[in-house]
Amino acid sequence: MSLQERDKKHLWHPLTQHKSHPNHIAITKAKGAVLYDENNNEYIDGIASWYTCVYGHCNPYIINKVRAQMETLDHVVFTGFTHKPAVELSEKLIQILPENQEKLFFSDNGSTAIDVAIKMALQYHFNREEKRTKIIALENGFHGDTFGAMSVSGLSVYNGPFEEFFIDVSRIPVPNAENLEAVKATFTKLITEHNVAAFIYEPLVQGAAAMQVHKAEHINEILKIAHRHNVVTIADEVMTGFGKTGKNFASEYIEIKPDIICLSKALSAGMVPMAITSCSQKIYDAFYADDMKKGFFHGHTYSGNPVACSAAIAGIELLQSEEIQANLQRIQISHQTFGEDIKKHPKVASVRQQGQIFALDLNIQMERYGNLRDKLFNSFMSKGVCLRPLGNTIYILAPYITTDAQLQKIYQAIRKTIDEL
Ligand SMILES: *Cc1c(COP(=O)(O)O)cnc(C)c1O
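Residues numbered from 1 in each chain as written. Predicted model: local features only at pLDDT ≥ 70, side-chain atom pairs only at ≥ 80, totals over all residues. Heavy atoms only, no water.

Q: How do you make sense of helix H10 (residues 306-319) when you look at a structure like this?
A: Note on helix geometry: an α-helix contains 3.6 residues per turn, so any two residues three or four positions apart are oriented the same way. Spanning 14 residues, H10 covers 20 Å between terminal C-alpha atoms, matching the ideal 20 Å at 1.5 Å per step. Most of H10 is tucked away: 13 of the 14 residues are buried. Capping the start of H10, Asn 305 holds a side-chain oxygen 3.1 Å from the backbone nitrogen of Val 307, two or three residues further along. (Helix = DSSP H or I, 4+ residues; strand = E, 2+ residues; numbered from the N terminus. Expected span 1.5 Å × (residues − 1). Buried < 20%, exposed > 50% of the residue type's maximum accessible area, 1.4 Å probe, protein only. Polar contact = N/O pair within 3.5 Å; in protein donor to acceptor, adjacent residues only side chain to side chain.)

In structure tokens:
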């Protein structure tokens, strides 16, 4: 029996309605930018397996570091103990994070990084004996699927059934040139009329909202107001971190630096799961006290796992290498050229790009084509390219080692698929 058939007996997949989507393609190996399935088909991983494997699958540089770490120290409790991979990672990461970031807190995935950030922000005010309970988020944001992260995400079919259990959240529109003054007014009103603890946002690019891009100067206006009212600012860089937007972190484009930053996905290079919530000295200092209760009593069993830390160290070293930096330039220019061309296609409404992130919107009504997403996905896969459209948006976020020939194959698959619609 194939893996695909055996899968059906006991496995329940994430974000899946199994009745309409019973089949899962069994991937047996991966190398560089390519995935191989159990029938020996090849697919270029055009989304770097949800933006994780940015240095390529099974990268030998990362494997060597991880293997050496596995043979030296696999795991140790991170409460009361520390170790070299965590110390080294902290030094490397603090060097590249925005300059106000000072402390790192470990967890396991993007959602937990967000939950940690929310708890940090709430307890920051609690420790200072200020009653602040409301969080403000951007409409259509996505921050994950645990309760805190789900509460601050935009409303959708994913979190609908749980709405009445959410933490206290208000959502504001993403600021743009037209609505900026109105959004600023709404934001200020919320802050003056409620006890607002924190503002959470995906800087520059909202990933799950179909790679919607906003301007640094507009979000900066909102951050200025937050700053003035001591509302803790939380930048969710789970998707945007580690070179995706053209700089190491999207927050580098924005003048006001966040109090807290959430990292995961490419952090540990797709090798093993890990997340980090970083914060400024100001946040940390509110927890540093003679009073035991003021400490941050949050922890996960695998916090600071040495193997994951070693993967993250290797990832940062690769990110800083001349080779990867040159690739980032090359891919960015390649996407620009493709964008100039494909935007003339009659079925393309618009294209946008921010660094490695390329997206185009189709000029097509979803309803008219039934399940457009499935149709597009299947078409791409039949052409040897793995892309997962979001609604009628097709986006590329390929590994940073994708070759020019592989990029052309991705572009061809998109062009042909759109032609055939
Ligand atoms: C993926 C993602 C998350 C959630 O991360 P998980 O590891 O899937 O829990 C949170 N925020 C953003 C912006 C993401 O892209």
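That covers the picture; the talk isn't over yet.
Q: What should I look at first to understand the domain arrangement of the protein in this one?
A: Interfaces are often sized by the amount of accessible area the parts lose when they come together. Looking at the protein, the domain boundaries give domain 1 (3-58 + 322-420) and domain 2 (73-320). For the pair domain 1 and domain 2, the summed buried area comes to about 2,000 Å², and 66% of that belongs to carbon and sulfur atoms. When the area that domain 1 buries against domain 2 is broken down by residue, the three leading residues are Tyr 51, Tyr 55 and Gln 354, summing to 32%. The interface formed by domain 1 and domain 2 contains zero salt bridges. Run the count over domain 1 and domain 2 and you get 10 residue pairs in polar contact (both at pLDDT 80 or more). Broken down by secondary-structure element, the contributors of at least two residues to the side of domain 1 that touches domain 2 are helix H2 (48-51), helix H11 (322-342), strand S13 (348-354), strand S14 (357-362) and strand S16 (393-396). Of the residues forming the side of domain 1 that touches domain 2, the biggest block, five residues, is contributed by H11. Broken down by class, the residue content of the side of domain 1 that touches domain 2 amounts to 14 nonpolar, seven polar and two charged. (Domains from an automatic or database assignment. Buried area = accessible area lost by both parts, 1.4 Å probe. Salt bridge = Lys/Arg side-chain N within 4 Å of Asp/Glu carboxyl O. Nonpolar A, V, L, I, M, F, W, Y, C, P; charged D, E, K, R; others polar.)

Q: What's the story with the site of the ligand in this structure? I'm lost.
A: Taken together, the neighbourhood of the ligand is formed by Asn 109, Gly 110, Ser 111, Phe 142, His 143, Gly 144, Glu 202, Asp 236, Val 238, Met 239 and Lys 265. The contact in question runs from a nitrogen atom of the ligand to an N or O atom on the backbone of Phe 142, over 3.4 Å. In this structure, Lys 265 approaches the ligand through a side-chain N or O atom, which is 2.6 Å from an oxygen atom. For the ligand, the accessible surface in isolation is 380 Å², of which the surrounding protein chains cover 81%. (Near = heavy atom within 4 Å. Areas by Shrake-Rupley, 256 points an atom, 1.4 Å probe, with all protein chains shown as cover.)

Q: Quick question: what am I supposed to make of the nonpolar core here?
A: Burial of nonpolar side chains together is a common tendency in soluble globular proteins. In terms of nonpolar packing, the biggest core is built from 88 residues, with Tyr 55, Leu 89, Leu 93, Phe 199, Phe 242 and Ile 414 touching the most fellow members. Summarising the domain contributions, this core has at least three residues from each of domain 1 (3-58 + 322-420) and domain 2 (73-320). If we skip the residues at most four places from it in the chain, Phe 242 touches Tyr 55, Leu 93, Ile 96, Asn 248, Phe 249, Leu 263, Ala 266, Leu 267, Ile 316, Leu 319 and Tyr 400. Of all hydrophobic cores here, the second largest spans 27 residues; its members include Ala 137, Val 169, Ile 260 and Ala 275. (Core = buried A, V, L, I, M, F, W, Y, C linked by side-chain atoms within 4.5 Å. Contact = heavy atoms within 4.5 Å.)

Q: Help me out: how do you make sense of the packing of aromatic side chains in this one?
A: For any pair of aromatic rings, the description consists of the separation of the ring centres together with the inter-plane angle of the planes. Tallied over the entire structure, the rule returns 12 aromatic pairs. Taking 5.9 Å as the distance between ring centres and 85° as the angle between the ring planes, the aromatic pair formed by Tyr 55 and Tyr 400 counts as edge-to-face. A residue pair is termed long-range when its members are at least 10 positions apart, and Tyr 55 in the loop between H2 and helix H3 (60-72) and Tyr 400 in the loop between S16 and helix H13 (404-420) qualify at 345 residues. With relative accessibility at 2%, the residue Tyr 55 sits in the buried group. By relative accessible area, Tyr 400 is classed as buried at 0%. (Phe/Tyr/Trp six-rings, centres within 6.5 Å; stacked < 30°, edge-to-face > 60°.)

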